[in-house]
Amino acid sequence: MRVPLSWLREFVDIPVSPRELAERLTAAGIAVDTVTDVGDKMKGVITARLSGVRPHPNADRLSICSADAGGEVYEIVTAADNVFTGAVVPLALEGARLADGTVIKKARFRGIASMGMLCSEVELGLEDRSPGIMILPPDTPPGTDIAALLGLPDTVLAFDLTPNRGDCLSILGIAREVAVLYGLQLNYPPVLESEGDEAAGYIDVEIRDPQLCGRYAARVFEDIKIGQAPLRLQTRLRLAGMRPIYNLVDVTNYVMLELGQPLHAFDYETLRGRRIVVRRASPGERLVTLDGVTRQFDREDLLIADAERAVAVAGVMGGLETEVTPGTATVLLESANFDPLSIRKTSRKLGLRSEASLRFEKRVDIEGAVRAAGRMARLVAETGMGRVVPGVVDSYTVRPDQKTVVVRPDRLDQIIGASVPGDKAVKWLKALGFGVRKNTDRLIVSVPTFRPDVSIEEDIAEEVARLYGYDRIAATQTYGEATPGRRPPVETFIRWVNRFLTGLGLTEVVTYSFINPMSFDLLRLPQDDPLRRVVALKNPISEEQSVLRATLLPGMLEVVCRNVSRRVTDIAVFEAGRVFKPRADGELPDEPLKLGMAVAGKEPRGWESPPRDMDFYFLKGIVEALLDRLGIDAVFRPLQTHPSLHPMRAAGVLAGDKELGYLGQVHPEIKMSLDLPNDVILAEFDIERLLAVRKVAAFRELVRFPGVLRDIAVVVPEGVPAAELVDNVKTAGGELLRELRLFDVYKGAKLPECTRSIAFSLLFQAGDRTLTDTEAAACVEAIVNRLKEKCGAVLRW
């Protein structure tokens, strides 16, 4: 919210400098972000009428203008393309100083002397950018000082308001705060009262959904003359951050900034049936809005309609068919009050945010609708824009209940932390527009309709505290029961996993939860793959971030690709984050926690040893170390069905019958499409399953009796996985088998075709005695027999 100080002074006589005022308002909770002086450096810029415009003989994009500055004509060279004969423009001659302090000098452009410069709004300090030279009203006399004409110099206060203070999105709201802070009289702008009922013969208003539209007031203006608004009104709009368009629209914006009530003007002749109907949209109903876009609506959207069709999106944007044009003679003015949530939903869905919708979203004062229409009528009459039809059509069917708050003075002091005199608190509240009456030892405070953010006793305490002065409240030691905070088990577990993997040399990364739906094609996922069932965003940042991730793999691959593009090819990263799986309609998605890992390239080594490839077995070793530390007895099974992984270099990881996750080398087609120089190994695990099956380390007494070591080698068909052999060895070995280690795999000569030799080291040990060779031999025999029965293994001698 930008407030020109000259405009604010019309509401309240400010006794201090702009910067002192900014500090006082900020201390009272109405934060002023910047204080900017406008036009204080400008000097010598005058108005001039262009008596002639001709092309530059030596430059296609330059023009030579003859500028009459009130008796003397000057030749000015300009590159602006909006100049024309008869236009009145700002002129800075030699020695004049612009708003930024630049001093104008004579210059030559392609052989033609220029005696000065034609100015745009940028040179005058009114706007940050401009499409061309500023065109002044045609009746502006030449030779007039432009600063005096525009009402400069001025000071602009830019406010950074909290979301609950929608009442301060107006000059009136800020002025009310200033008046209370300094104990000053608040002056309301004059309005044209709605005497008579002639307007009722022009229009009939029907509100079909009072919950979404609490009030709709309409006024009618005839004999409208479309043109430029008064120059000072335009200047105030520019300083407040709005660009002038033409007088009718400018005055509606002026009143909105002044009183906080958005207004909309319809071309009355285009309204069918002389009716305004405020209703919900029909499913699939369409409307071409002012920006020329055809928009479709549903039952959640509120529309303004006439007797036959929709003519505007309530509180957001008008319709093209009922737009005011230069040929408009009669105007219907809308001053309404709409439901904040409805306006917010519609504006976000349509991607249309405006100054009007911003105010409606923060709740507009329902009692200010007729006053704003009266203010508009006053300005229409004062500027000679048209004739005001007497009367106002005001549909106000459901009036809000008067909100009251019971306040205990002693509780007020307790909340604030200081003793505030009761008479001062009452005085401040009344000045803010609250009604206050005493009831024994309590205060009954009536909340004005323009303060919807106030509803409880603590809100009243806040109002009193900020006016009393936060700096006057003594600092005190906090007291009360302290409850030690504890992290949830899942968060504690994730932190431990992060530390563990970081200790193994991996780097933690954080990737976006929003991903590109084309990622699923990159991952080679079939059309019916469950991972393609994703949660789509209703209002995405871009198409590349339009769905929520169902797996961490796209993020992992993106990290690898980004590093490779920056010539970092040795990569070892991990991420712990949530993925999103849709549920039934209307339900929030499921958000399981996943652990993703990716390695590629070589592991850095010192000078004493060569670097090691970070291949499938490298990442498998990291996974095994993690599972071992968690006490999870897991097995790795061949995984040939995952579409994103190499069919011969992937494995699923199971603990009993629970699938914990998988790891594997990226499929060659994916590697080729991403143009990756090295093989990439990916892994993804379900964190909640890891947490569920982990075993807490328990003390086990050291065995005092020696063990018996035995090595065996068996020949098995190539298709038998080592994990299957390990499971059978453990089962047959029973409690006496303390340790099992696979130490050799051999394929080659002296072995039958399609077989391989796998060797295990076995440690047998009892806790209550020393095992004999006979007992150890019996265990080995049991293991060999089971391997022969279950796996077709033959003992190799």
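What comes next is a walk through the structure. (Residues numbered from 1 in each chain as written. Predicted model: local features only at pLDDT ≥ 70, side-chain atom pairs only at ≥ 80, totals over all residues. Heavy atoms only, no water.)

## Some points on the overall build of the protein chain
Selection rule: Helical segments are the DSSP runs of H or I of at least four residues, strand segments are the runs of E of at least two, and each set is numbered from the N terminus. Relative accessibility thresholds used throughout: buried, under 20% of the residue-type maximum; exposed, over 50%; partly exposed, between the two (1.4 Å probe, protein chains only). Here, two residues are considered to be in contact whenever any of their heavy atoms come within 4.5 Å of each other. Working definition of accessibility: Shrake-Rupley area with a 1.4 Å probe, residue cover restricted to the visible protein chains.
Along its length, the protein chain carries 20 helices and 40 strands. With respect to the principal axes defined by its C-alpha atoms, the protein chain has extents near 120 × 85 × 60 Å. Residue burial in the protein chain is summarised as follows: out of 797 residues, 48% are buried. Restricting the contact set of the protein chain to residue pairs at least 6 apart, pairs at least 24 apart contribute 69%. Total accessible area on the protein chain stands at roughly 40,400 Å², and carbon and sulfur atoms take up 50% of it.

## What about the nonpolar core?
Soluble, globular proteins show a tendency: their nonpolar side chains are buried together. To be explicit about the condition: Buried Ala, Val, Leu, Ile, Met, Phe, Trp, Tyr and Cys residues that are joined via side-chain atoms within 4.5 Å together make up what is termed a nonpolar core.
Leu8, Phe159, Phe221, Met376 and Ile460 are the most contacted members of the largest nonpolar core, which totals 79 residues. Examining the composition of this core, we find that eight residues originate from one element, helix H4 (residues 171–182), more than from any other. If near-sequence neighbours (up to four positions away) are discounted, phenylalanine 221 is found in contact with Ala329, Thr330, Val331, Leu333, Met376, Ala377, Val380, Arg387 and Val388. Among the nonpolar cores identified, the runner-up in size contains 37 residues, and Leu212, Val278, Phe297 and Ile343 belong to it.

## With respect to the packing of aromatic side chains
Counted only if it meets this: Note on aromatic pairs: the rings of Phe, Tyr and Trp (six-membered ring only in Trp) are paired at centre separations within 6.5 Å, and the planes decide the class, stacked below 30 degrees, edge-to-face beyond 60, tilted for the rest. The rule for a charge over a ring is simple: NZ of Lys or CZ of Arg within 6 Å of the ring centre, and within 35 degrees of the ring normal.
This model, assessed by the stated rule, comprises six aromatic pairs. Ring geometry for phenylalanine 493 versus tryptophan 496: centroids 6.5 Å apart, planes at 20°, classification stacked. On the criterion of helical spacing, the pair formed by phenylalanine 493 and tryptophan 496 is a turn pair, its members being three residues apart in helix H13 (residues 489–503). Phenylalanine 493 sits in the buried class, given a relative accessible area of 3%. Taken together through their ring pairs, the aromatic side chains of Phe493, Trp496 and Phe500 make up a single cluster. Arginine 176 extends its terminal NZ or CZ atom over the ring of phenylalanine 450, reaching a point 3.9 Å from the ring centre. Directly above the ring of phenylalanine 636 sits lysine 620, whose terminal nitrogen or CZ lies 4.6 Å from the centroid.

## Topic: unusual backbone geometry
Here the amide bond leading from leucine 152 into proline 153 is cis, since omega sits at 5°, within 30 degrees of zero. For proline 153, the position within the fold is in the loop between helix H3 (146–150) and strand E10 (154–159). A positive phi angle, near 55°, is found at threonine 440, a position not held by glycine. The exposure class of threonine 440 is exposed, given its relative accessible area of 74%. Notably, cysteine 754 is not glycine yet its phi reads approximately 60°, a positive angle. We classify cysteine 754 as exposed; its relative accessible area is 54%.

## Section: the sheet that holds strand E17 (residues 302–305)
Inclusion rule: We treat two strands as partners when DSSP finds at least two bridges between them.
Across the sheet, which stays open at both edges, the five strands sit in the order E11-E14-E17-E18-E19 with mixed pairing between neighbours. Looking at strand neighbours, the two that pair on one side only are strand E11 (204–207) and strand E19 (317–318), the edges of this open sheet.

## Digging into the packing of helix H5 (residues 231–239) against helix H6 (residues 247–259)
This is how the line gets drawn: Lines fitted to C-alpha atoms define the axes, with helix axes restricted to the stretch in contact, and inter-axis angles between N-to-C directions lie between 0 and 180 degrees. Roughly parallel means an angle under 35 degrees; roughly antiparallel means over 145; roughly perpendicular covers 65 to 115; every other angle is labelled oblique. Two helices crossing with the near one rotated counterclockwise from the far one by less than a right angle form a left-handed crossing, whereas a clockwise rotation gives a right-handed crossing.
Relative to each other, H5 and H6 sit at 55°, their axes nearing to 10 Å. Considered as vectors, H5 and H6 are oriented oblique to each other. Here H5 and H6 pass one another in a crossing that is left-handed. Of the residues in H6, those in contact with Leu233, Gln234, Arg236 and Leu237 of H5 are Asp250, Val251, Asn253, Tyr254 and Leu257.

## Things to note about the side chain of threonine 47
Threshold: Identification of polar contacts relies on pairs of N or O atoms within 3.5 Å, with a donor-acceptor requirement for protein atoms, meaning one able to donate a hydrogen and the other able to accept it, and with residues adjacent in sequence counted only if both atoms are side-chain atoms.
Tracing the backbone through its elements, the reader meets threonine 47 in strand E3 (residues 43–55). Here the side chain of threonine 47 touches proline 141 through a polar contact of 2.7 Å, landing on its backbone oxygen. In this structure threonine 47 touches Asp68, Ala69, Val88, Val89, Leu136, Thr140, Pro141, Pro142, Gly143, Thr144, Ile146 and Leu149, once residues within four positions along its chain are discounted.

## Brief notes about the packing of helix H2 (residues 18–27) against H4
As a reminder, the rule being used: Following the grouping adopted for this structure description, the nonpolar residues are Ala, Val, Leu, Ile, Met, Phe, Trp, Tyr, Cys and Pro, the charged ones are Asp, Glu, Lys and Arg, and the polar ones are all others, Gly among them.
Relative to each other, H2 and H4 sit at 90°, their axes nearing to 11 Å. Between H2 and H4, the angle is such that the two are roughly perpendicular. The segment H2 lies against H4, with Glu20, Leu21, Arg24 and Leu25 engaging Glu177, Val178, Leu181 and Tyr182. Broken down by class, the residue content of the contact of H2 with H4 amounts to five nonpolar, no polar and three charged.

## Quick look at the pattern of salt bridges
Between side chains of opposite charge, a pair can form as their charged atoms come close. For clarity, the threshold we go by: A pairing counts as a salt bridge when a side-chain nitrogen of Lys or Arg comes within 4 Å of a carboxyl oxygen of Asp or Glu.
In this structure the tally under the stated criterion is 54 salt bridges. The salt bridge involving aspartate 167 is made with arginine 451; its shortest N-O contact spans 3.9 Å. Here aspartate 167 is found in the loop between E10 and H4, whereas its partner arginine 451 is found in the loop between strand E25 (442–446) and helix H12 (457–468), with 284 residues between them in sequence. Between aspartate 204 and arginine 275 there is a salt bridge; the shortest N-O distance is 3.7 Å. Within this pair, whereas aspartate 204 is found in strand E11, its partner arginine 275 is found in strand E14 (residues 275–280), the two being separated by 71 residues in sequence. Overall, aspartate 204 belongs to the partly exposed group, its relative accessible area being 41%. Given the relative accessible area of 25%, arginine 275 is considered partly exposed. Salt bridges sharing partners connect three or more residues here, namely Arg165, Asp167, Glu177, Arg451, Asp453, Glu463 and Arg466.

## Observations regarding helix H15 (residues 553–565)
Quick note on the threshold: Helix span, expected: 1.5 Å multiplied by one less than the number of residues in the helix.
Over its 13 residues, H15 runs 18 Å from end to end, which matches the ideal 18 Å to within 8%, given 1.5 Å per residue. Within H15 the residues assigned to the buried category are Leu553, Pro554, Gly555, Met556, Leu557, Val559, Val560 and Val564. Taken from the residues just after H15, arginine 567 is the one with a positive phi, measuring 65°.

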